[in-house]
Amino acid sequence: MIRRKSLRLRSITMTILVSILVWSTTLETCIARRGRHLRHHHSSSSSLSNSLSSKKPKGHDNNSHSHKSKPKPKPKPKMKSPPPKSDAGSPVVSQPPQVQQPPPHVQPPPPSPLPLQPVEDSQQFNVLDFGAKGDGMSDDTQAFEAAWASACKVEASTMVIPPDYIFLVGPISFSGPYCQANIVFQLDGMIVAPTDTKSWGRGLLWWIEFTKLKGITIQGKGVIDGRGTVWWQQDYLSDYPIDDDFKLIVPLNNSVQEHPPMPIRSELSGRMPSIKPTALRFYGSIGVTVTGVTIQNSPQCHLKFDNCVQVLVHDVNVSSPGDSPNTDGIHLQNSKDVMIHTSTLACGDDCISIQTGCSNVYVHNVNCGPGHGISIGSLGKDSTKACVSNITVRDVVMHNTMTGVRIKTWQGGIGSVKGILFSNIQLTEVQLPIVIDQFYCDHSKCMNQTSAVSVEGVTYEKIRGTYTVKPVHFACSDSFPCIDVQLSGIELKPVQLQYHMSDPFCWKTFGELTSTTVPPIDCLQIGKPARNGVHSDRDICL
């Protein structure tokens, strides 16, 4: 009797186990079908089976309705039955992998890119990461060189000079031509020049130089400080070049200034070299942009472009005292396709100086002063050939400058200046607003010579404001008179300050007055000269 009850109990137990297996398999099939909508990644049927047979079942998704039943005891291997067959005789659990395959016209999503860090991180080269201290006293030159060496190898990289640091950097050249293109020099901190004589040796022509690059951009809100006071405060040398047009400015006491006033000389640790460096120079580069930065107190010229093409300068500040010698704001030489706009230039020499080899230069919306105005030249020094063409200067404000718009050439030179437009220039207390001087000389004496750089096709329109010495000064060559000089909309009124005042002056200047001028410029000769010098073929600018 007891044996029969035991067999019946065993039979009931087997029936319960079989029922559990059937129920488990049915649930597995249901979940596999619902996996089409609930799963975002492929999973095999074995992982699904394992998830159901584990002690803690996992839900498929936060929004899925998974069954949260109590964990079932894992059946012994000998009692596990194979999954039920479909009508076709294939295991049911083999269907989900086939269903999860995307339709032929739907592309699977691409894998996540590795590494997960942005690509831009590998293009940033911060000078602090290369050992720069930024305390204004430690020499950070080598750190800048190392950062550049790394940035140079990566196209469109950025060399970062961070804000709130002062970096002492000696003479340095950021050189190509093997650097990658479109490098950005992100300047938000301050770079200062050394003031000890040892750093400069016998003298250098530049402090910071970028050379033979393609697509180089200097941008940011930072400052380049040349600390030029230690250079300017030295005693003047006898051959120190002085702007020759000072000779036209005679104070009321009849004494001529030999030199502009200078600050009182301070004690220096040593005498600086007689050769003074330009603060920031670009040479032999294509696609140069300078924007946002301030360049101040350069020992000599602040910003220079030499043999460059496609130059853009905007929103730049240049600042040095009006009596700092030879501190041109922006100096162009042998450069083409240049645009300068929306900048403030205050210095001790020309706000913008346009030298030989320049063409297609467009300057507009610039504030100039103090300084010596905007000049083309000086050209033809030491009997050299000079070629300048297609220059436009317009929408400029000048205040307290020595000259306004000026062309200056040396006797004995060859070549030409042509295709020049000065338009909409507003002047305030400018000593000499309009100047052409073909007898320029920055020495005490210069020899008279017949050859000259010819000047032709110069237009002055809407030049208005006040002057303190002379409104117009045209001094042209006897052999090569100035021709095709056009004036219109000239309104210049005198303001008596401390200088003798003069009427407009013209010598060998031919052209046309297309409107009434204030004051009258009666000295301009209408038409063309009867005779004019002729350059040889080799002297003509192409």
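Residues numbered from 1 in each chain as written. Predicted model: local features only at pLDDT ≥ 70, side-chain atom pairs only at ≥ 80, totals over all residues. Heavy atoms only, no water.

(A) Looking closely at the overall build of the protein chain. What the protein chain contains, in helices and strands, is 5 helices and 32 strands. Across the 542 residues of the protein chain, 45% fall into the buried class. (Helix = DSSP H or I, 4+ residues; strand = E, 2+ residues; numbered from the N terminus. Buried < 20%, exposed > 50% of the residue type's maximum accessible area, 1.4 Å probe, protein only.)

(B) The arrangement of the UniProt feature "active site" (unreviewed entry) in the protein chain in detail. When the UniProt feature table is mapped onto this chain, "active site" (unreviewed entry) is found at His372. Assignment of secondary structure puts His372 in the loop between β20 (358-368) and β21 (374-379). Excluding residues within four positions of it along the chain, His372 makes contact with Asp243, Phe246, Gly348, Asp349, Asp350, Met402, Thr403 and Arg406. (UniProt positions renumbered as here; feature names shortened; annotations may be inferred. Contact = heavy atoms within 4.5 Å.)

(C) Seen up close, the sheet that holds strand β23 (residues 403-409). Strand order across the open sheet formed by 11 strands is β5-β8-β11-β14-β17-β19-β21-β23-β25-β27-β30, with parallel pairing between neighbours. Here the strands that pair on one side only, and so sit at the sheet edges, are β5 (172-175) and β30 (505-507). If you compare each strand with its neighbour and ignore which way they point, the axes differ by 15 degrees on average. Inspection of the sheet shows strand β14 (residues 303-306) paired to strand β17 (residues 330-333) by 4 bridges, in the parallel sense. Note that in β17 the partner of Leu303 across the bridge is Ile330. (Pairing = 2+ DSSP bridges. Axes fitted to C-alpha atoms, helices over the stretch in contact; angles between N-to-C directions.)

(D) Representation of the side chain of Lys408 in the model. Take Lys408: it is sitting in strand β23. Of the residues examined, Lys408 reaches a relative accessible area of 4% and is grouped as buried. A distance of 3.3 Å separates a polar atom in the side chain of Lys408 from a polar atom in the side chain of Asp350. In this view, Lys408 contacts Asp243, Asp350, Ser375, Ile376, Gly377, Ser378, Leu379, Asp437 and Tyr440; residues no more than four positions away in its chain are not counted. (Polar contact = N/O pair within 3.5 Å; in protein donor to acceptor, adjacent residues only side chain to side chain.)

(E) Structural detail: the pattern of salt bridges. Tallied over the full model, the rule gives 6 salt bridges. Residue Arg281 pairs with Asp306 through a salt bridge whose shortest N-O separation is 3.4 Å. In this pair, Arg281 sits in strand β11 (residues 278-283) while Asp306 sits in strand β14, placing the two residues 25 residues apart along the sequence. Each member of the pair, Arg281 as well as Asp306, carries the same accessibility label: buried. Across the pair Arg464 and Glu491 runs a salt bridge whose closest N-O atoms are separated by 3.9 Å. Highlighted residues: Arg464 in strand β26 (residues 454-467) and Glu491 in strand β29 (residues 491-494), separated in sequence by 27 residues. By relative accessible area, which is 29% here, Arg464 ends up partly exposed. Connected through shared salt-bridge partners, Glu209, Arg281 and Asp306 make up one network. (Salt bridge = Lys/Arg side-chain N within 4 Å of Asp/Glu carboxyl O.)

(F) Representation of the side chain of Thr294 in the model. Take Thr294: it is sitting in strand β13 (residues 294-296). For Thr294, a relative accessible area of 17% corresponds to the buried category. With sequence-adjacent residues up to four places away left out, Thr294 is seen in contact with Gly222, Val223, Ile224 and Asn317.

(G) Up close: the pairing of strand β31 (residues 509-513). Pairing geometry for strand β28 (residues 482-488) and β31, over 4 bridges, is parallel. Residue Gln486 lies in a different strand from β31, and its bridge partner there is Glu512. Pairing between β31 and strand β32 (residues 525-526): 2 bridges, direction parallel. Following the sheet pairing, Gly511 is matched in β32 by Ile526.

(H) Spatial organisation of helix α4 (residues 141-151). The set of residues buried in α4 consists of Thr141, Ala143, Phe144, Ala147, Trp148 and Ala151. Angular distribution of buried residues about the axis of α4 spans 165 degrees; they occupy a single face of the element. (Arc of directions from axis to C-beta.)

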